[in-house]
Amino acid sequence: MKAFSNVHPAVCMTYFLSVLLVSMFVPHPVLQAEVLFGGALFCALLGGRRASFRDLGFYVPLFLMVAVTNPLFSHNGVTPLFFLNGNPVTLEAILCGISIAVTVIGVLLWCKCYSFIMTSDKFLYLFGKPIPKLSLVLSMALRFIPVYIRQSRRVSRAQKAMGLYSGKSIVDRVKNRMRVLTAMISWSLENAMETSASMKARGYGGKKRTSFFPFRFRTSDGVLLAGTIVLLAVTLAGAAAGVTDFNFYPRVGVIGNSSAAVAVYAAFGALCLLPSALEVKEAVTWNYFVSRI
Amino acid sequence: MELFRVEDLSFRYPMAEKDAVSHADFSLESGEFAVLCGPSGCGKSTLLRLLKKETAPVGDKTGRIIYGGEADVPADAGRIGFVGQNPESQIVTDKVWHELAFGLENLGVPACVIRRRVGEMANFFGIQDWFRQRTDELSGGQKQLLNLASVMVMQPELLILDEPTGQLDPIAASDFIAALRKINLELGLTVLLAEHRLEEVFPIADRVLLMEGGRILLNDCPRNIGPRLSKLDPSHPMLPAMPSAVRIWQGTDVGGECPMTVREGRDFLKRNFKSRAKSLSLPEYKHDDAVFVEMKNVWFRYGRDLPDILRGVSAKVYRGELFCILGGNGAGKTTALNVIAGLERPYRGRVNIGGKPIKEYKGGELYRRNLAFLPQDPETVFAHDNVRADMLEILETLEIPKRERDERIEKTAGELGVSHLLDRHPYDLSGGEMQKCALAKVILSEPKLLLLDEPTKGLDAWAKHGLSEILNGLKDRGLTIICVTHDIEFAAEAADRCALFFDGEFISEDTPERFFAENSFYTTAANRMARELWSNAVTCGQVIECCLSAGGKT
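These remarks concern the structure in this document. Just so it is clear, the structure is predicted and the values come from calculations on it, not from any experiment. (Residues numbered from 1 in each chain as written. Chains lettered and ligands numbered in written order. Predicted model: local features only at pLDDT ≥ 70, side-chain atom pairs only at ≥ 80, totals over all residues. Heavy atoms only, no water.)

Regarding unusual backbone geometry
A:Y249 connects to A:P250 through a cis peptide bond whose omega is -5°. Summarising the element assignment, A:P250 is placed in the loop between α8 (219-240) and α9 (259-292). Located in the positive-phi region is B:R369, a residue other than glycine, with phi close to 65°. Relative to the assigned elements, B:R369 resides in the loop between β14 (356-357) and β15 (371-374). Given a relative accessible area of 34%, B:R369 falls into the partly exposed group. (Helix = DSSP H or I, 4+ residues; strand = E, 2+ residues; numbered from the N terminus. Buried < 20%, exposed > 50% of the residue type's maximum accessible area, 1.4 Å probe, protein only.)

Here it is in structure tokens:
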């Protein structure tokens, strides 16, 4: 179990929203670099070394593609480097493209971490609690989908083994899909009937429902939440005060180095590294315990 | 103290011609473990469902049920717990903890109480290790245990179970029955269980209710059931379903107290037959010269980084024999069958069918007039809304002329005894009926090789016997049959040869008598009783035959 998985869902959600909000709406090279670095580090810690290397094969080409697209279509900027089909390719557009690519990859990495940490039950806890019926329906749907997929594989395998699935022509294939589908409809109805009987037998549809979730808000969650809010507040205050304003066009701006700017960089950097630090701390404590045993 | 009493209860479904339950009269004491048994379709399920308000079927009901002094079944869903047969479809939510909490949420119990009760039950059933897992990733046995636990959190006074082990393998089924016994002994809960695995439940039950044709035929303690049943009718269809010890006792006809367990059965045999022990003479094993299926050094795994499931499997199956593959759960038996069926491709080694490598069968050729495969869940075979339409579809792919089709269907259906079911919807059939219809459908393709995956799952003793006769008939027509099963008793009765699959290969294969005689645990109950006297007597019939030839009582 990863350290951040044990954090209360509300704190997780607040955290992820803070990082994503800033990374999408405050375009500043330093902050973008921090998003990318923090996201990559956290992702690597969650997924392990092997998965991270495999992912490089996806993210590097995507990065290049996004970075190259911008200068091809945007010809703003005052420093033309060369001409392509009579159109200027400018230094500003290239840098802006790289900046966009960094943001896109950074956000993607954070979304990946999000899906790893915020499992369906945590999501249901946050958004289903006010509406218990909805949370039950979502939970049932989340169960039904994998069960349905598995059953439809079984059906298509059984049909194939009866020679009904030669798969030569397209007409044949469509017909077979239809056959599996009709079989699945009967199965789903039958299954739903049994499930509803089981629900009724356990008192569904009677009194007002309560909902139970196995999550607790601990002191450490409070500390983490407070930390997130403070760091986010500093970053947003800086952004509102114009410390993080940055433009690529018409000429690449200057990265501020006033003390206010440095404070914003530090605060947001700390925010991005928070979960990774938590993971590392957990690992270190664990090793310390092991060495003491 | 009496928990409930059923008085002259009759029930008839709308449009039905006769009563599903007729004049049932019985009562259950608080804390009793009662077993309800009877052939499929005898009204067990209907009777059980009538005992709980939320599951009671719609129809004509006469007579009454007095529950805890009140004149009707209680309206409070929590007081009576119900667990059905299908482990999968009873689960409602996506996470184990949510499923456990579901019933209490419905009753409006506050979250802090739910936390305590769920924790307590998870602990009692040993669920804590998979408490946060997804429900669709559990094994069948775990799913059924979860269904039981999620009923138990509601703290019922009575637990009703309708064939809960029908879809489980023998090990999971024993675990489940052990959990029921634990509930009954440690929590003092009253249990009413419909079951066809009588071998395991007879020794632990306080009372057995035997139903036939909607009536309660016998209501007695388990030890008296066998003797009373054989006195009533020595060829009663429920006798083959009795535990092996009871069947041997009845078949040898020496009287005395009826044994129920393997230990008692062994004592009974030693007491009565010890001095005239003889070995059972068996006909010599003969097989056809032609090898029909051959696996040569077959290796298989599901993914590059996953472990090998088949590790150099080699086997020969001769024409016209029934070859049973036995083995534990997850041993790879089903995978081996799928490889023979051409549904999975081995990464090394060869599979020949009818002397020709499986790769050389092109398109659907393998599945037309060569090989038929009956999967574990027979419902996956059907795609139409009546059995006849499903069968016609097969004949269409075989390009059989239209006028011959009906005749062929009638003929095959007649052979398998399913003619009366042809116009029914597949999902309206009972487990045994659906199995037979599915078998009829796959053998319409005129296969030379029939592959069966767990064909006895969910069948009662009577239906199993019927299946083994059908398979014998098919064998006489020259079909080669390979059958994967957990069911030792079935393999002993039906197989020509048995093979044990373990650690990715066949570790032993022989005729059932020699195969089981060599094993000391992995063998039939009858053999465990008789092995010290006649080591190669494997089925109840063979033990009885030995006893009779030994000349009755010493």
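Focus on the environment of B:D253
Tracing the chain through its elements places B:D253 in the loop between α8 (244-252) and α9 (262-273). For the pair B:D253 and B:C547, spaced 294 residues apart in sequence, the C-alpha to C-alpha distance is 9.9 Å.

Focus: the environment of B:A530
Residue and element names in this part refer to chain B. You can see A530 is positioned in helix α17 (residues 525-530). A530 sits 13 residues away from V543 along the chain, and the two C-alpha atoms are 6.8 Å apart. Excluding residues that lie within four positions of it along the chain, A530 makes contacts with L269, S535 and V543. (Contact = heavy atoms within 4.5 Å.)

A short note on the interface of chain A and chain B
Of the residues lining the interface, 50 residues belong to chain A; the matching set on chain B comes to 61 residues. Looking only at chain A, the three residues that lose the most surface to chain B are A:R143, A:R202 and A:F212, adding up to 19% of its buried area. There are seven salt bridges connecting chain A and chain B. The partner of A:R209 in a salt bridge is B:E105, and the shortest N-O contact between them spans 2.5 Å. In this structure, the connection of chain A to chain B is made through 27 residue pairs in polar contact (both at pLDDT 80 or more). Of all the secondary structure elements, the ones that give two or more residues to the side of chain A that touches chain B are α5 (120-128), α6 (132-160) and α7 (170-201) of chain A. Among the elements that take part in the side of chain A that touches chain B, α6(A) stands out by supplying 15 residues, more than any other. (Buried area = accessible area lost by both parts, 1.4 Å probe. Salt bridge = Lys/Arg side-chain N within 4 Å of Asp/Glu carboxyl O. Polar contact = N/O pair within 3.5 Å; in protein donor to acceptor, adjacent residues only side chain to side chain.)

Focus on the sheet that holds strand β19 (residues 505-510) of chain B
Backbone-to-backbone hydrogen bonds join strands into a sheet, with any given pair of strands oriented parallel or antiparallel. All names here are of chain B. Here we have six strands laid out as an open sheet, ordered β15-β16-β17-β12-β18-β19, and mixed in their pairing. Each end of this open sheet is capped by a strand with a single partner; those strands are β15 and β19. Strand-to-strand twist across the sheet, computed as the mean angle between neighbouring axes with direction ignored, equals 20°. With four bridges joining them, β15 and strand β16 (residues 449-453) adopt parallel strand pairing. What sits directly across from L374, in β16, is L452. The strands touched by helix α13 (residues 431-443) are β15 and β16; relative to β15, the strand with the most contacts, the crossing angle is about 160°. (Pairing = 2+ DSSP bridges. Axes fitted to C-alpha atoms, helices over the stretch in contact; angles between N-to-C directions.)

Functional significance is not addressed by these values, which are geometric in nature.
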